[in-house]
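Given next are the chains, with one letter for each unit.
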Amino acid sequence: MNEEKTFTQQKIDEYFIEYALTLAEHAQRLGEIPVGAVLVDENNQIIGEGWNLSIVNNDPTAHAEIVALRNGAQKIENYRLLNCTLYVTLEPCTMCAGAILHSRIKRLVFGAYDYKTGAVGSRFHFFDDYKMNHFLDITSGILAEKCGQKLSDFFKMRREQKKLEKQNA
């Protein structure tokens, strides 16, 4: 019985990570690092979504997670996002982890690990501090390979573009 629930939750998690990957496409089309995030309520209804907009908006805080949290908070007219789950294609950084903490979401689900700036277990362990005033469930590595490949392909394309620019200069 418990395995059935886990299986169902796994499928839900995969569905929303796939959706977040489609949001990451918006970022990539804008020349942003392709990261997408979707915020859902306890009924699995989307209340917020976002993708990286730091370059376009000249805003260092416009990461996909923060855009999705802002979007959801505005939709429900409350800065506390209780009983919500945030799905994101890449492990959040320290800034986003702080916003997640303050939003009071119930659950975080992410795809690829970020070994350079990840704050949810790869580089830093932001939520492991027992002194935190909020605890949340964290599920990591959902469609990690697919999410990681999207980022790898993007940075490979960027390196090739820069190489061509140097050759043509």
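Residues numbered from 1 in each chain as written. Predicted model: local features only at pLDDT ≥ 70, side-chain atom pairs only at ≥ 80, totals over all residues. Heavy atoms only, no water.

**As for the sheet that holds strand S5 (residues 137–139)**
Applied cut-off: Two strands pair if DSSP finds at least two bridges between them. Numbered from the N terminus, helices here are DSSP runs of H or I no shorter than four residues, and strands are runs of E no shorter than two. Comment: axis = line fitted to C-alpha atoms, over the contacting stretch for helices; angle = value between 0 and 180 degrees taken between N-to-C directions. Should any heavy atoms of two residues lie within 4.5 Å, those residues are considered in contact.
On the basis of which strands lie adjacent, the open sheet formed by 5 strands has the order S2-S1-S3-S4-S5 and mixed pairing. The open sheet has two edge strands, strand S2 (46–51) and S5, and neither has a second partner. Ignoring strand direction, the axes of neighbouring strands in this sheet form an average angle of 15°. Alignment of strand S4 (residues 107–112) against S5, held across 3 bridges, turns out to be parallel. The residue of S5 that forms the bridge with Leu108 is Ile138. In the packing of helix H3 (residues 64–76) onto the sheet, contacts are made with strand S1 (36–40), S2 and strand S3 (85–90), and the angle to S2 comes to roughly 150°.

**Description of H3**
As a reminder of what qualifies: One less than the number of residues in a helix, times 1.5 Å, gives the span that helix is expected to have. Only protein chains enter the accessibility calculation, which uses a 1.4 Å probe; a residue whose area is less than 20% of its type maximum is buried, one above 50% is exposed, and one in between is partly exposed.
With 13 residues, H3 extends 18 Å between its outermost C-alpha atoms, agreeing within 8% with the 18 Å of an ideal straight helix rising 1.5 Å per residue. For H3, the complete set of buried residues consists of Ala64, Glu65, Ile66, Val67, Ala68, Leu69, Gly72 and Ala73. Looking at the packing, one finds that the buried side of H3 touches S1, S2, S3 and helix H4 (94–103). Two residues or fewer past H3, Glu77 is found with a positive phi of approximately 55°.

**Points about the UniProt feature "active site" (unreviewed entry) in the chain**
Note the threshold: UniProt positions are given in the numbering used here, feature names are shortened, and annotations may be inferred rather than shown by experiment.
UniProt feature "active site" (unreviewed entry): in the numbering of this structure it lies at Glu65. Taking the relative accessible area as the measure of exposure, Glu65 reaches 4% and is therefore buried. Residues within four places of Glu65 in sequence aside, it is in contact with Ala37, Leu86, Val88, Leu90, Pro92, Cys93 and Cys96.

**Some details on the UniProt feature "domain: CMP/dCMP-type deaminase" (unreviewed entry) in the chain**
Following the UniProt record, the feature "domain: CMP/dCMP-type deaminase" (unreviewed entry) maps to residues 11–123 here. In the segment residues 11–123, helix accounts for 41% and strand for 20%; the C-alpha atoms at its two ends are 28 Å apart.

**Digging into the nonpolar core**
Inclusion rule: Buried Ala, Val, Leu, Ile, Met, Phe, Trp, Tyr and Cys residues that are joined via side-chain atoms within 4.5 Å together make up what is termed a nonpolar core.
If you look at the biggest cluster of nonpolar residues, it comprises 37 residues, and the most contacted ones within it are Leu39, Leu86, Ile100, Ile105 and Leu108. Of all the secondary-structure elements, those providing two or more residues to this core are helix H1 (2–29), S1, H3, S3, H4, S4 and helix H5 (144–168). Ranked by residues supplied to this core, first place goes to H1 with 5 residues. With residues near it in sequence (within four places) discarded, Leu86 still touches Ala37, Val38, Leu39, Glu65, Ala68, Leu69, Ile100, Ile105, Arg107, Leu108 and Val109.

**Brief notes about the pattern of salt bridges**
Applied cut-off: What counts as a salt bridge is simple: a side-chain nitrogen of Lys or Arg found within 4 Å of a carboxyl oxygen of Asp or Glu.
Going through the model one piece at a time under the given rule, you end up with 5 salt bridges. Between Lys11 and Glu14 there is a salt bridge whose closest N-O contact spans 3.7 Å. You can see Lys11 and its partner Glu14 sitting in helix H1, 3 residues apart, about one turn around the helix. The partly exposed category is assigned to Lys11, whose relative accessible area is 43%.

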